Amino acid sequence: MIYLKDILYRVSLEAVVGNTNIQINDIHFDSRRVSFNDIFVAIRGTQTDGHGYIDKAVEQGALAIVCEEMPKTMVNGITYVKVKDSQQALAYMADNFYENPSENLKLVGVTGTNGKTTVASLLYQLFTKAGFKVGLLSTVNVMVGEDKFPATHTTPDSLTINSYLKKMNEAGVEFCFMEVSSHGIAQHRTTGLKFAGGIFTNLTHEHLDYHKSFAEYRDVKKAFFDQLPASAFALTNGDDKNGNVMLQNTKARKYTYALKSVADYKAQILENGFGGMLLKINEQEVWTKLIGNFNAYNVLAIYAASELLGLTTLESLKYISELNAVSGRFQYHISEGKITAIVDYAHTPDALHNVLETINSIRTKNEELITVVGCGGDRDRSKRPKMGHIASALSTKVVFTSDNPRTEDPDKIIEEVEAGVEPQNFKKVMSVTSRLQAIKTACQLANKNDIILIAGKGHETYQEINGVRKDFDDFKIVSEYLKQLKK
């Protein structure tokens, strides 16, 4: 058992009504999970306000309430704590409740628009191969050593993060690699954690439905580096125009990596094909199974981080050559009839551009490049025509379709994607609302040596329509249908 006064350490308190010298069983911000002797933290969300559930939490046995606004009626025997920011308070409370687990391992955060999952997951692979017990908090899954748990968010809530870090402590994990999203930073999910390092991949058009402007999106990412301690390292992409912005106010040791500009860690692509790449990193050659310019940056970030975390150059290069691609990230299947199907998570204009440019740099131009792509519903609408423009400009044929339409009309989303297609590319484009039929159409259009790119959902094994998630696996569908067609 732990006392409320201990859980509130580092929390900025505005008012306290009641006793803080009381024993607490658990912390919740979902009133439905509250039981006897728990703390309920009332958080103002984008859809619901936790302050409206304070009475329910008390009825269910909450002994303490943490809120930004005191309720008009207070119950005797209940402790009420007023704070300026409930999300920030929750983060510190979670860290204290789970006994500051991030201090007992080396936690490295990876942030940026694209590449977070690849960099974090490959670092998990690399350090596991090097013989360490490793943790991973990513979009794809959560790993505590060899134990796998399902992931629900890119960056989970602070209670979930700290509970997993505590599990990692108990399992003897030495390193943990974590995706840090802009939502996670803005909502204080990573506040209170002690990071040993931070990695910046790149910054492009994304999440402007949430952040309202690119400058705000950039500054939220920068805030993560601003909070790194002097004992940590800050590693940034020197070729990205926002890379040096991340380093402006950080106390951490500063390092850069780049393919084009002067940097601490430099790489050059010597060979590039569907089988992999030959890279020259700081004058050392290494072969990797990963493909494309964007993955050259990812590999370089991994190499730099592994050295900064204590591996030797030879160790880093050896394990990089053994790494396998991350699920749904340029994952490819070659059919019996020599059709290459590629599934990639590319769901931003920049990511889609990178994947298509990579394919075009490898293919001979004698074959078709057929792209299947859509855009998610209830998300940033301004990127939709950009996605349509990029797909139609860089492919020989395009099938626009549904992604996760969520609560939006999928046909309306497709219309907004089509708006970006320029007149000279009209003949390349068709629209098939059903994603299953769109993938089948692409397979039927493909002949020997052609390439099919299915973009947008990557590792996801579901499609969300009107709040219902149905099983849907792009990679499984395309590989099985090509087999059926005997192509």
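Parameters and conventions
- Residues numbered from 1 in each chain as written.
- Predicted model: local features only at pLDDT ≥ 70, side-chain atom pairs only at ≥ 80, totals over all residues.
- Heavy atoms only, no water.
- Helix = DSSP H or I, 4+ residues; strand = E, 2+ residues; numbered from the N terminus.
- Polar contact = N/O pair within 3.5 Å; in protein donor to acceptor, adjacent residues only side chain to side chain.
- 1 Å grid on protein atoms, 1.4 Å probe; cavity = no way out; pocket = protein on both sides within 12 Å on 5 of 7 lines; lining within 4 Å.
- Points joined across faces, edges and corners; volume = space filled by probe spheres on them.
- Nonpolar A, V, L, I, M, F, W, Y, C, P; charged D, E, K, R; others polar.
- Buried < 20%, exposed > 50% of the residue type's maximum accessible area, 1.4 Å probe, protein only.
- Axes fitted to C-alpha atoms, helices over the stretch in contact; angles between N-to-C directions.
- Parallel < 35°, antiparallel > 145°, perpendicular 65-115°, else oblique.
- Left-handed = near helix turned anticlockwise from the far one by under 90°.
- Contact = heavy atoms within 4.5 Å.

Regarding the side chain of S402
For step 1, the next point in the chain: Checked against the element boundaries, S402 lands in the loop between β22 (397-400) and α14 (410-418).
For step 2, the next point in the chain: Engagement of the side chain of S402 in a polar contact is seen with the backbone oxygen of T433, the distance being 2.8 Å.

Concerning the layout of surface pockets
For step 1, the next point in the chain: Taken as a whole, the second largest pocket holds about 270 Å³ of empty space.
For step 2, the next point in the chain: Together, 15 residues line the second largest pocket, and S121, Y124, Q125, L136 and N141 are the ones closest to its centre.
For step 3, the next point in the chain: Only α4 (116-129) and β10 (141-144) provide two or more residues apiece to the lining of the second largest pocket.
For step 4, the next point in the chain: Looking at the lining of the second largest pocket, the element that brings in the most residues is α4, giving five residues.
For step 5, the next point in the chain: In terms of residue class, the lining of the second largest pocket is made up of six nonpolar, six polar and three charged.

Notes on unusual backbone geometry
For step 1, the next point in the chain: Positive phi is not limited to glycine here, since N100 has a value of about 50°.
For step 2, the next point in the chain: Position of N100 relative to the elements: it lies in the loop between α3 (86-97) and β8 (106-111).
For step 3, the next point in the chain: Accessibility expressed as a relative area gives 22% for N100, which makes it partly exposed.
For step 4, the next point in the chain: Positive phi outside glycine occurs at H188, with the angle close to 60°.
For step 5, the next point in the chain: On the secondary structure map, H188 appears in the loop between α6 (182-186) and β13 (197-200).

Considerations on the packing of α3 against helix α5 (residues 158-171)
For step 1, the next point in the chain: Viewed as axis vectors pointing N to C, α3 and α5 meet at an angle of 20°, and their least axial separation amounts to 8 Å. The angle between the axes of α3 and α5 places the two elements in the roughly parallel class. As α3 runs across α5, the sense of the crossing is right-handed. Within the contact between the two elements, α3 uses L90, A91, A94 and D95 and α5 uses S158, L159 and N162.
For step 2, the next point in the chain: Of the residues in the contact of α3 with α5, the class split is four nonpolar, two polar and one charged.

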